[in-house]
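Inside the fold
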Amino acid sequence: MAETALDTAGRARAALCTGGLVARAVPGFHPREPQQVMAGLVAETIDAEAGTLLVEAATGVGKTFAYLVPAMLSSRRVLISTGTKTLQDQLFEKDLPMVCEALGQRPKMALLKGRSNYLCHYRLDSAAADAAGRTGQAETIRELRRLAASSRTGDLTQAGVLAEDAPLWPQVTSTVDNCLGGECPRLNDCFVVRARRRAQEAEVVVVNHHLLLADMALKDEGFGELLPEVEVVIVDEAHQLPEIAGAFFGLAFGTRAVRDLGRDVLREMERDAPDMVDLRDRVSALQSAVAELLRCSDGWPARAAWSEVPDHDGALETLAGVDVALGALEEGLRAAAQRGPGLDQARSRCTALRARLQGWLEDTAGTVPWVERFRQSLMLHRTPLDAARPLAEQRTRTPASWIFTSATLAVGEDFRHAARRLGLPDDVRAQRLDSPFDFARQACLAVPAPPLPNPNMSGYTRACVEWAWPLLIGNPGGGFFLFTSHRALREAAALLRDRLPAEQPLLVQGERPRAELLERFRASGNAWLLGAHSFWEGVDIRGDALSVVIIDRLPFAAPSDPVLQARTAAIEAAGGSPFMDFQLPQAVLALKQGAGRLIRDASDAGILALCDPRLTGRPYGRQFLKSLPRFHQSSDPAAALEFLQAARRRRGVDACA
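This write-up is about the structure you can find in this document. Nothing here was measured: the structure is a model prediction, and the numbers come from that model.

Structural notes on the overall build of the chain
The helix and strand inventory of the chain stands at 27 helices and 18 strands. On C-alpha atoms alone, the chain measures out to a radius of gyration of 27 Å, which is about the 26 Å that the 2.2 N^0.38 rule sets for 657 residues. The dimensions of the chain, computed from C-alpha atoms along their principal axes, are 80 × 70 × 55 Å. Expressed as a percentage of its 657 residues, the buried residues of the chain come to 53%. Considering only contacts in the chain between residues 6 or more positions apart, those separated by 24 or more positions represent 76%.

Here it is, written out as structure tokens:
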């Protein structure tokens, strides 16, 4: 068969990716295994007709450059989706410009985030009116006005004016529900409209997974469709996509959204319809119905399947009262809609909220209804048992080349679990690329011998702390102590708070914002950070500041989780093994994420301590150990510390060699 021009171009790009030319042009791009393998695979997939690639690239491979270089050389329209806004910013502000400059390319690039990240002129004006006379907010409002007047993007996450958990944030940004759309008097100044326009005109667009899913499902996020025009889709941190998709393709109804609607109705009424006093009565009735729902749910578990909620009949009656109150407000807003765009938009929100509530109450096949109770709010969720089918259906609508990559996709050498959850066939092209780091010389895996007691015993956390104490006190650098539950985290914090020397700061998740904890950890150099799930991934700290990672238990999902319970029941009903087919692979991938915090650089040295006795006491423990790099191993914390000191000395020698 004769070669086509496209085949030749693809091979030429792959050769360029693996050669010294690109390595000299792009700092951090290495013309050697395994980065060259990944770059070549990505180039071949881009050239294939609607090709698909699943690639696990361990820490140190340099997967970002391995997909960026061939993607930029392809001259195709590219959409890159990442798991977090932090990674979006790094790609757009640092990595993409570096690669494009080195390759002599000048594509149009755009960064697109969810609309709640962009300052809204209209809602800022309303918030300013509400804040009049409140000295505590006046200066912040002035700063936001200056930002609105001077910023090109209006991106609050980059501006540093507001903390993301600040109460003012949702008041000065918009959602799909409360955006006025074409009726907005500030439409010409809208940062969301500008961001959408830049994205639609760009050749390279960087989004996050939520926006990718919104575009796949053609859901209105106010950005229009991007995927139909895209030729290459790269999903980085692809291991996060199934869980995000489960929530995205599900349905949720929350009391906070109802409360916000009532507040906005009163604001718009005072502005455009002060004579329609019955609206105030209808809002008051809705607020009373929500208050009754919160009172009814006061004793509910924090997370529970709907079937486990006490007093079903009473709860359903209370929910019916909320529906009636929403219907009454909807009727009142229908009469007021002509008074102003804000009131018309509130009517649409009310209709949408009522539809969500009624949709949640319907017994939809293949979904699990569950509730989430917070201190001052309640969320009702209906989550699909498996997001693989909608992911597959949506992907087939986009005839592009798809590249899925992450540091954690395979269980051993097996990609079937990740492929199924992503809606990919078992025989999808897949490749696992090991880290180029020398783990046997750089890192020690410490597992207690004799084993610690059963993790279900009441004294287990204390036993972990006692065994790990030499690591906590003997490491001149800093470390993470990672937990699978907040209860264990709090218990360990209580045990360590007065025991660690004053010169070793103890930082505990929940006591400060995550970003502040990480900033203080980096600055200290010898702190101990106690964290739960949010610190198991997405943290990149190099050097001795993070030279020990201790993990208390194997990260199996809580068996009481309502979605997990429903998924395992469905697997069992289909004749499968919930543990082997789902729970174990998920835990293996989660452990790989936590362990991946340790060695982030070729000059790093560290200790990974896994306390859980099931690693050696249960047959499935081998699955976890096989999925980790080839560490030096020890059962004695003192011996592990000796190894760490030797590794640091070797690092100095190697640096001088």
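Quick notes on the nonpolar core
In this structure, L54, L112, L119, L144, V172 and F404 are the most contacted members of the largest nonpolar core, which totals 55 residues. Top contributing element to this core by residue count: helix α11 (residues 209–216), with five residues. Each residue touching F404, except ones within four places of it in the same chain, is listed here: T52, L53, L54, V55, V235, A238, L241, R395, L409, L422 and L424. Counting residues in hydrophobic clusters, the runner-up holds 39 residues, among them A443, L445, V588 and A595.

Considering the environment of Q645
Here Q645 is to be found in helix α27 (residues 637–656). Using a relative accessible area of 41% as the deciding quantity, one classes Q645 as partly exposed. As a C-alpha pair, Q645 and N178 span 467 residues in sequence and 58 Å in three-dimensional space.

So, helix α4 (residues 63–73)
Within α4, eleven of the eleven residues are buried, which leaves the element mostly enclosed by the surrounding structure. Regarding α4, the residues found buried are K63, T64, F65, A66, Y67, L68, V69, P70, A71, M72 and L73. The positive-phi residue at the C-terminal boundary of α4 is S75, with phi of around 60 degrees.

Let's talk about the environment of R600
Tracing the sequence through the fold places R600 in the loop between α24 (578–595) and β17 (606–610). Judged by relative accessible area, which is 16%, R600 ranks as buried. Along the primary structure R600 and G321 are separated by 279 residues, whereas in three dimensions their C-alpha atoms are 54 Å apart. Setting aside anything within four residues of it in sequence, one finds R600 in contact with T59, F437, V539, D540, I541 and R542. At 3.5 Å, the side chain of R600 and the side chain of T59 are in polar contact. In terms of polar contacts, R600 uses its side chain to reach the backbone carbonyl oxygen of G596, at 2.8 Å.

Rules behind the numbers
- Residues numbered from 1 in each chain as written.
- Predicted model: local features only at pLDDT ≥ 70, side-chain atom pairs only at ≥ 80, totals over all residues.
- Heavy atoms only, no water.
- Helix = DSSP H or I, 4+ residues; strand = E, 2+ residues; numbered from the N terminus.
- Rg over C-alpha atoms; globule rule 2.2 N^0.38 Å.
- Buried < 20%, exposed > 50% of the residue type's maximum accessible area, 1.4 Å probe, protein only.
- Contact = heavy atoms within 4.5 Å.
- Core = buried A, V, L, I, M, F, W, Y, C linked by side-chain atoms within 4.5 Å.
- Polar contact = N/O pair within 3.5 Å; in protein donor to acceptor, adjacent residues only side chain to side chain.

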